[in-house]
Every structure is written in C-alpha cells, then in structure tokens.
Amino acid sequence: MKPVIALTKGRLEKQFLNYYQSLGYDIEPLTDKGRKLRVDTDDFQFIFAKGPDVATYVQYGIADLGIVGGDILAECQPDVFDLFPLPFGACRMAVATEEGKVWSNGKKRIASKYTGITKAFYKEKGESVDIIKLEGSVELAPILGLSDAIVDIVETGNTLKENGLVVEEEFMQFSARLIANRSALKIKREELKPVIDRLKPNGGNEHD
C-alpha cells in the first residue's frame, strides 16, 4: 500500500505543494483535484483536512504522515511523532488589541481559537483572564467589544492592520511540521524512511 499523507487545506497546502514540487515530485494531480478530499498520486495517497483533523487522522493511523502547523500541535497536543520543521508556514503567536487601547484595571477578556495556548500563556504571566473561544475572524472581537484583546497567529500582520489592531506582544514562533503515526514509523519503516528523508530540509535526498 502507498503511504498516506494528510495535508492541511488552504495556506499550508499551497506552500507544501511549492515545496513538494521543488523536490522533484509531480504536483499536477494535487493541483487539479477540484473538490476531491482524497487523491492518489504515483507515490502516495493524500487526504486533505483542517489542521486539527490532520493531527487526528495521523494519531489514529488513518494517515501515516501529516503536514500541519506547529500551532496546531501546541494547541491540540495530539499523540503523534513530531519529526521535524519544514521550511514554510512561518508564523508567530501574538496578543493583539485595538490601537491606542487603554487597559482598565478589571479582569481582561481575551478572545482566541487557541484557548489552550492562551490559558498557558497567561498562567505563566500570573494573570487571571476570561478566555472566550471563537472559531474564526477573531479580529472582530475587540472591535465589537466582545473582548479586550485577541490571541492569534500572525504572518504578515496585514489582517490586523486592516482591522485597526496592533500586536501588543509576541510569544511563540511556529512553522509547518512533518508528523507521523507512532506505530506506522515502526511497522512501515521501509516505506516511510525514503519519503521522510526526502522531505527533510537541507539535503534529505542524499539518503535515497
């Protein structure tokens, strides 16, 4: 059976395909897939899913390998083998709020989809805050008065700027990661080692 690779849809998908092509793989079946969520190539079977689901598919052995953001691993803490960082998907976790925001002395309200990371961050700072979970467009929360600030990943900062928000503090940096199912690494070692070596940045091909 071909190795199965779970790939995060969207931004990481596009960046991975550029990287994958640079390694000499044919990406046409993956770029011309339409709305298909499972695609076979000559070398692998790919499944396409949201970041947290990629980690779940790998954890439960549906996929042997996964391409996922380091932010997902930090937030969800799946039981997978985190192999190494990949040379794309760079971003950082940050606290952002409205420009010119004056903090009151009351308890802060922080909106984020990364509630685990947010809780750990403020606990380490010794601050007690109310955390509000949102699934998307967290930039709206301070603008509409739902929260005092947000915790979210930032790449260029353009989205924040366009919505009148500024970064108050950065505290974690991430990139895309290659993850593996723990059992598959042992049982399918012969099939997986060549692709793992090839995906490794800086000269993985020397092991082929």
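Residues numbered from 1 in each chain as written. Predicted model: local features only at pLDDT ≥ 70, side-chain atom pairs only at ≥ 80, totals over all residues. Heavy atoms only, no water.

### Thoughts on the overall build of the chain
Okay, so step 1: Within the chain, the secondary structure is distributed over 9 helices and 11 strands.
Okay, so step 2: The principal-axis extent of the C-alpha atoms belonging to the chain is close to 60 × 30 × 30 Å.
Okay, so step 3: The burial tally for the chain puts 44% of its 208 residues in the buried class.
Okay, so step 4: Residue pairs at least 24 apart in sequence account for 68% of intrachain contacts in the chain once pairs closer than 6 positions are excluded.
Okay, so step 5: Roughly 11600 Å² of accessible area belongs to the chain as shown, and the carbon and sulfur atoms make up 47% of that amount.
Okay, so step 6: Here the chain contributes 28 positive and 32 negative side-chain charges, whose respective centroids are spaced 3 Å apart. (Helix = DSSP H or I, 4+ residues; strand = E, 2+ residues; numbered from the N terminus. Buried < 20%, exposed > 50% of the residue type's maximum accessible area, 1.4 Å probe, protein only. Contact = heavy atoms within 4.5 Å. Areas by Shrake-Rupley, 256 points an atom, 1.4 Å probe, with all protein chains shown as cover. Lys, Arg positive; Asp, Glu negative; His and termini not counted. Charge placed at Lys NZ, Arg CZ, Asp CG, Glu CD.)

### Digging into the domain arrangement of the chain
One widely used convention gives an interface's size as the accessible area the parts lose upon coming together.
Okay, so step 1: Along its sequence, the chain is carved into domain 1 (4-89 + 175-204) and domain 2 (91-173).
Okay, so step 2: If you average the C-alpha positions of domain 1 and of domain 2, the two centres end up 29 Å apart.
Okay, so step 3: Facing 6 residues of domain 1, the contacting portion of domain 2 comprises 10 residues.
Okay, so step 4: Each partner contributes to the roughly 660 Å² buried at the junction of domain 1 and domain 2, and carbon and sulfur atoms together form 50% of this total.
Okay, so step 5: Of all residues in domain 1, Arg11, Asp71 and Glu75 give up the largest surface area on contact with domain 2, accounting jointly for 69% of the area buried on that side. (Domains from an automatic or database assignment. Buried area = accessible area lost by both parts, 1.4 Å probe.)

### What to know about a negative patch on the surface
Okay, so step 1: Taken together, Asp26, Glu28, Asp32, Asp42 and Asp43 make up a surface patch of like negative charges.
Okay, so step 2: Looking at Asp43, the relative accessible area reads 40%, which means it is partly exposed. (Patch = residues over 30% accessible without salt bridge, like charges linked within 9 Å, V, L, I, M, F, W, Y side chains within 5 Å. Salt bridge = Lys/Arg side-chain N within 4 Å of Asp/Glu carboxyl O.)

### Overview of a nonpolar patch on the surface
Okay, so step 1: On the surface, a cluster of nonpolar side chains totalling about 360 Å² of accessible area is made up of Tyr57, Tyr60 and Ile62.
Okay, so step 2: Tracing the backbone shows Tyr60 in the loop between helix H3 (51-59) and strand S4 (65-69).
Okay, so step 3: Tyr60 gets classed as exposed once you look at its relative accessible area, which sits at 61%.

### Thoughts on the sheet that holds strand S2 (residues 38-40)
Okay, so step 1: One open sheet holds the 6 strands; their spatial order is S2-S3-S1-S4-S11-S5, and the pairing between them is mixed. In the strand order of this sheet, the two ends are held by S2 and strand S5 (81-85), each with one partner. Pairs of neighbouring strands in the sheet enclose a mean axial angle of 25 degrees, with direction left out of account.
Okay, so step 2: Strand direction decides the pairing type here: strand S1 (residues 4-8) and strand S3 (residues 45-49), joined by 5 bridges, are parallel. For Val4, the partnering residue across the bridge sits in S3 and is Gln45.
Okay, so step 3: Its contacts with the sheet place helix H1 (residues 11-22) against S1, S3, S4 and strand S11 (176-180), and it is angled at close to 130 degrees to S1. (Pairing = 2+ DSSP bridges. Axes fitted to C-alpha atoms, helices over the stretch in contact; angles between N-to-C directions.)

### Details of H3
Okay, so step 1: Taken residue by residue, H3 has Gly51, Val54, Ala55 and Val58 as its buried positions. Down the axis, H3 shows its buried residues gathered within 95 degrees of arc, on one side only.
Okay, so step 2: Against the buried residues of H3 lie S1, S3, S4, helix H4 (70-76) and S11.
Okay, so step 3: Positive backbone phi, at 80 degrees, marks Gly61, one or two positions downstream of H3. (Arc of directions from axis to C-beta.)

### Notes on the packing of aromatic side chains
Any pair of aromatic rings gets described here by the distance separating the centres and the angle formed by the planes.
Okay, so step 1: Within the structure shown, the criterion is met by 11 aromatic pairs.
Okay, so step 2: With a centroid separation of 4.2 Å and an interplanar angle of 5 degrees, the aromatic rings of Tyr20 and Tyr25 are classed as stacked.
Okay, so step 3: Tyr20 gets classed as buried once you look at its relative accessible area, which sits at 2%.
Okay, so step 4: The class for Tyr25 is buried, based on a relative accessible area of 10%.
Okay, so step 5: Considering the side-chain rings of Phe121 and Phe171, the 3.8 Å spacing of their centres and the 15 degrees angle between planes classify their relative orientation as stacked. Taken as a pair, Phe121 in helix H5 (residues 115-125) and Phe171 in strand S10 (residues 165-174) lie far apart in primary sequence, 50 residues in all.
Okay, so step 6: Note on Phe171: relative accessible area 22%, which makes it partly exposed.
Okay, so step 7: In this arrangement the basic side chain of Lys33 is found over the ring face of Phe48, its NZ or CZ atom lying 4.4 Å from the centre.
Okay, so step 8: Lying over the aromatic face of Tyr25, Arg198 brings its terminal NZ or CZ to 4.1 Å of the ring centre. (Phe/Tyr/Trp six-rings, centres within 6.5 Å; stacked < 30°, edge-to-face > 60°. Lys NZ or Arg CZ within 6 Å of the ring centre and 35° of its normal.)

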